[in-house]
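Structural characterization, general
As a plain string of letters, each chain reads:
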Amino acid sequence: MVVFHALTLFSYLKPWRFFAATIVFLSFIAGAQAETLNVSITGNGNLTNQGPEVFYEKLLIAALEKTRNTDGDFVVSHNAHGGGIARDRAMLVAGAGIDVMWGSVTKEREQQMRLVPVDLLKNLNNYRVLLINKDAQSKFSQVKTLDDLRKFTVGSGEHWTDGEIFKDNGFTVLATSSYSGLFRMLAARRFNFISRGLYEIDNDTKEYKALGLIQEESLLIKYDEPIRYSFFVNKNNAALGDRLERGIKIAIQDGSFDRLFYQYPAFKAGEELLKNSHRTILVIKNTKVD
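The following paragraphs examine the structure supplied in this document. Model, not experiment: these values are computed from the prediction.

What about the sheet that holds strand β3 (residues 100-104)?
The strand order across the open sheet built from three strands is β3-β11-β4, with neighbouring strands paired in antiparallel fashion. In this open sheet, the two edge strands, each paired with only one partner strand, are β3 and β4 (114-116). Direction aside, neighbouring strands of the sheet carry axes that sit 40 degrees apart on average. As judged from the five bridges shared by β3 and strand β11 (residues 229-233), these two strands associate in the antiparallel manner. By the bridge assignment for β11, S104 is matched with Y229.

Description of the nonpolar core
With 47 residues, the main nonpolar core has F55, Y56, V100, F231 and L244 as its most contacted residues. Ignoring sequence-local partners within four residues, the contact set of V100 consists of V39, S40, I41, L60, L92, F231, F232, V233, L240 and L244. Counting 19 residues, the second-largest nonpolar core is a separate cluster that includes I132, A136, F166 and Y223.

Description of unusual backbone geometry
Phi is positive for H159, which is not a glycine, with a value near 70 degrees. Structurally, H159 is set in the loop between β6 (154-157) and α9 (161-168). Looking at H159, the relative accessible area reads 39%, which means it is partly exposed. Not every positive phi belongs to a glycine, and R189 is a case in point at roughly 65 degrees. As for its position among the elements, R189 is in the loop between α10 (179-187) and β8 (193-197).

Reading the values: the criteria
Residues numbered from 1 in each chain as written. Predicted model: local features only at pLDDT ≥ 70, side-chain atom pairs only at ≥ 80, totals over all residues. Heavy atoms only, no water. Pairing = 2+ DSSP bridges. Helix = DSSP H or I, 4+ residues; strand = E, 2+ residues; numbered from the N terminus. Axes fitted to C-alpha atoms, helices over the stretch in contact; angles between N-to-C directions. Core = buried A, V, L, I, M, F, W, Y, C linked by side-chain atoms within 4.5 Å. Buried < 20%, exposed > 50% of the residue type's maximum accessible area, 1.4 Å probe, protein only. Contact = heavy atoms within 4.5 Å.

And the structure:
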C-alpha cells in the first residue's frame, strides 16, 4: 500500500521532520479525496430504456468523463424525489439535493440558474406535433391557420414551457401534475390535443396506442424563435457549468455526441419526420425568449 510505505519512510525522519511530513502527506490525501466531484441529478439511475431522459443522463456522464483528466474524478448520484421539473428547479436554485437539471431554455430559467449554452436536441425542440384521439383526425385536417387551431383545447403538464407558450398565444390550456394522467385525460376527451416534441411523438404513439391515441398527420407547429433544450446548474456553480460545456463541446468535436444521439430511435424518427414533412406549418410566438 502507498500509504504504508510512505509512513514507513517517514519513520526514519527526525521527529519534527516526521511530524511536518506527515501533515503534508495527510493534507495531500485529503485533497485527493476532495477532488472527487459528486453530481446529483433527478431520476432512479435506470439507463436501460430508450427514452430521451436516458440520453441526457448519458450525455452528462460523457461530458464529465471527457474532462476527467483536466478536472478530476466524479460520481453521479440520483435523487428520486418524484416532484417533477418544478421540484428539480427549486432544489437546484437552493443548491440542495440537485446539481444539474435539463429543460427548455427560457428567460426565467436563465435568471434563476446558470445555463450551459449547448442545445442538446439539435433543433428538434423548435417544432411540435400533436397527439390526438384516433377518431379526431378529420377535424384537425380542416385546420389551416393558428386561429383555426385555437378552437381546440390543449392538455399540458404543469410547468411545461410548451403549455405556457400555448396559453400566452390565446389557447385554452388544461394542466395536470400527473404525467401519465395527462394521456388518460386526452383519451377521456378532457381536451383535444397534447403538443409534443418531434423527439417525443414516436414513443408516445407506441406507449399510448392502447388508449386510442395517435400522431396528428397534417400539422407542424413551429416556434417563431428557436427554443433550446440544455443543462442548467446552480447560479454559483460556475466550475460545474464550465466543465459540462467543455465536455459536451469535446463530444461534439470528436463525434461521440452524434453517436450517442442517434442510438435513440425517437431522435431518428423526429429528424425523419421533419425531413420528409409535407404538413401545414403553423408558426406560434415563442414568448419565453427575450
